[in-house]
Amino acid sequence: DGVWEECAKPGRKTTYDTDTMPIQIVRQANGTFLVSQVVWGDCTVGDEDTVEEPSFITPSGGSNRYIYKMLFFRNRLCLLSGNDIVMSRAGGFFDFWPKSAIQSTVTDPIDISASSEYPTILYDGIQVNSGLVLFSKNQQFMLTTDSDILSVDTAKVNVLSAYNFNYKTTPVSLGTTIAWLDNAGKYSRFFEIAKVLREGEPDIIEQSKIVGRLFDNDLNHMSISRENGVIFFSEKNTSTLYGFKYFTAPE
């Protein structure tokens, strides 16, 4: 007679400081927008050893952790913090805690790191059909899985390429390829990457090479029109505008 039920260790931290967490903007039925706090899921099981805090939480006595980007991938909300990718429960975008401390399920949150010999703070990412391409200042990574199901046991992060990335801008999708700006050196460079697969090397082209000495450094504004196949670049407080026209050729 009776039941056995898991619970959180008494005294452990189970809630977030919502003042330091992202907020949400929700469109209402009448066309207005409501800005409000998010109702984040609480920790309901385990202690600090069996169920660790998500990596975007600043540890007690440790240096501050920051969320650099929020993305959606495989029905999960992904937070990029430092060199970590923290993914919510599948279908539960605001829940980053497992439901059990003694067994894992395929819907549990995923907390995985990208490691390299270079500094690996992840600033942005963009989804492709084979995974999630992640960008640090010096490298690109691929978050993917060899299984049909993305879970704690199957998720992996591989190094994809080693090109500089201007973290003040965002990568863009060009239909079947993706592109980004590099801010290293005297001039900016604009790269396009194709054939991004789980295995093998991708194809990367420097599309700005023919105008390399005309492409100013410190470009920080990008605007893309996918309907017209054109991207514009500029720098704040300048009157110079650069444009790149692209198209998707049939194979």
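Residues numbered from 1 in each chain as written. Predicted model: local features only at pLDDT ≥ 70, side-chain atom pairs only at ≥ 80, totals over all residues. Heavy atoms only, no water.

## Focus: unusual backbone geometry
Located in the positive-phi region is Asp218, a residue other than glycine, with phi close to 65°. Relative accessible area serves as the criterion here: at 39%, Asp218 is assigned to the partly exposed category. In the Ramachandran plot, Asn237 falls in the positive-phi region, its phi being about 65° despite a non-glycine side chain. Tracing the backbone shows Asn237 in the loop between strand 16 (230-234) and strand 17 (241-245). (Buried < 20%, exposed > 50% of the residue type's maximum accessible area, 1.4 Å probe, protein only. Helix = DSSP H or I, 4+ residues; strand = E, 2+ residues; numbered from the N terminus.)

## Things to note about the packing of aromatic side chains
A full pass over the atoms with the stated rule returns 19 aromatic pairs. Judged by centre distance (5.9 Å) and plane angle (35°), the ring pair of Tyr16 and Phe56 falls under tilted. With Tyr16 in the segment before strand 1 (23-27) and Phe56 in the loop between strand 2 (33-37) and strand 3 (69-73), the pair connects residues that are 40 residues apart, well separated along the chain. Judged by its relative accessible area of 11%, Tyr16 is buried. With a relative accessible area of 4%, Phe56 lands in the buried category. An angle of 65° between the planes, with centres 5.1 Å apart, marks the rings of Tyr68 and Tyr123 as edge-to-face. Remark: Tyr123 occurs in the loop between strand 6 (110-113) and strand 7 (124-128) and Tyr68 occurs in the loop between strand 2 and strand 3; sequence separation between them is 55 residues. Given the relative accessible area of 35%, Tyr68 is considered partly exposed. Taking the relative accessible area as the measure of exposure, Tyr123 reaches 14% and is therefore buried. Through a chain of ring-to-ring contacts, three or more aromatic side chains come together here, namely Tyr16, Trp40, Phe56, Phe94, Phe96 and Trp97. (Phe/Tyr/Trp six-rings, centres within 6.5 Å; stacked < 30°, edge-to-face > 60°.)

## Observations concerning the environment of Ala114
Assignment of secondary structure puts Ala114 in the loop between strand 6 and strand 7. Ala114 gets classed as buried once you look at its relative accessible area, which sits at 1%. For Ala114 and Lys156, which are 42 residues apart along the polypeptide, the C-alpha to C-alpha distance reads 8.9 Å. What Ala114 contacts, discounting residues up to four positions off in sequence, is Asn83, Ile85, Thr120, Leu122, Phe141 and Val157. (Contact = heavy atoms within 4.5 Å.)

## Quick look at the confidence of the model for the chain
Mean pLDDT for the chain: 92, with 98% of residues reaching 70 or above. By mean pLDDT, the top-scoring element of the chain is strand 5 (residues 84-87) (97), and the lowest-scoring one is strand 15 (residues 221-225) (89). (pLDDT = per-residue confidence, 0-100.)

## So, the sheet that holds strand 6
Hydrogen bonds between backbone groups are what pair the strands of a sheet, and the pairing can be parallel or antiparallel. With respect to topology, four strands assemble into an open sheet ordered 3-4-5-6, the strand pairing being antiparallel. Two strands lie at the open edges of the sheet, namely strand 3 and strand 6, each paired on one side alone. Pairwise comparison of adjacent strand axes, ignoring direction, gives a mean angle of 20° for this sheet. In this structure, strand 4 (residues 76-81) lies alongside strand 5, joined through four bridges in antiparallel fashion. Among the inter-strand pairings, Leu80 is bridged to a residue of strand 5, identified as Ile85. (Pairing = 2+ DSSP bridges. Axes fitted to C-alpha atoms, helices over the stretch in contact; angles between N-to-C directions.)

## Description of the nonpolar core
Of all hydrophobic cores here, the largest spans 17 residues; its most connected members are Ile85, Met87, Leu134 and Leu143. Setting aside residues no more than four positions away along its own chain, Met87 makes contact with Phe73, Arg76, Leu77, Cys78, Phe96, Pro109, Ile110, Leu143 and Leu150. (Core = buried A, V, L, I, M, F, W, Y, C linked by side-chain atoms within 4.5 Å.)

## Notes on a negative patch on the surface
Residues Glu48, Asp49, Glu52, Glu53 and Asp111 make up a contiguous surface patch of negative charge. Tracing the sequence through the fold places Glu53 in the loop between strand 2 and strand 3. Given the relative accessible area of 30%, Glu53 is considered partly exposed. (Patch = residues over 30% accessible without salt bridge, like charges linked within 9 Å, V, L, I, M, F, W, Y side chains within 5 Å. Areas by Shrake-Rupley, 256 points an atom, 1.4 Å probe, with all protein chains shown as cover. Salt bridge = Lys/Arg side-chain N within 4 Å of Asp/Glu carboxyl O. Lys, Arg positive; Asp, Glu negative; His and termini not counted. Charge placed at Lys NZ, Arg CZ, Asp CG, Glu CD.)

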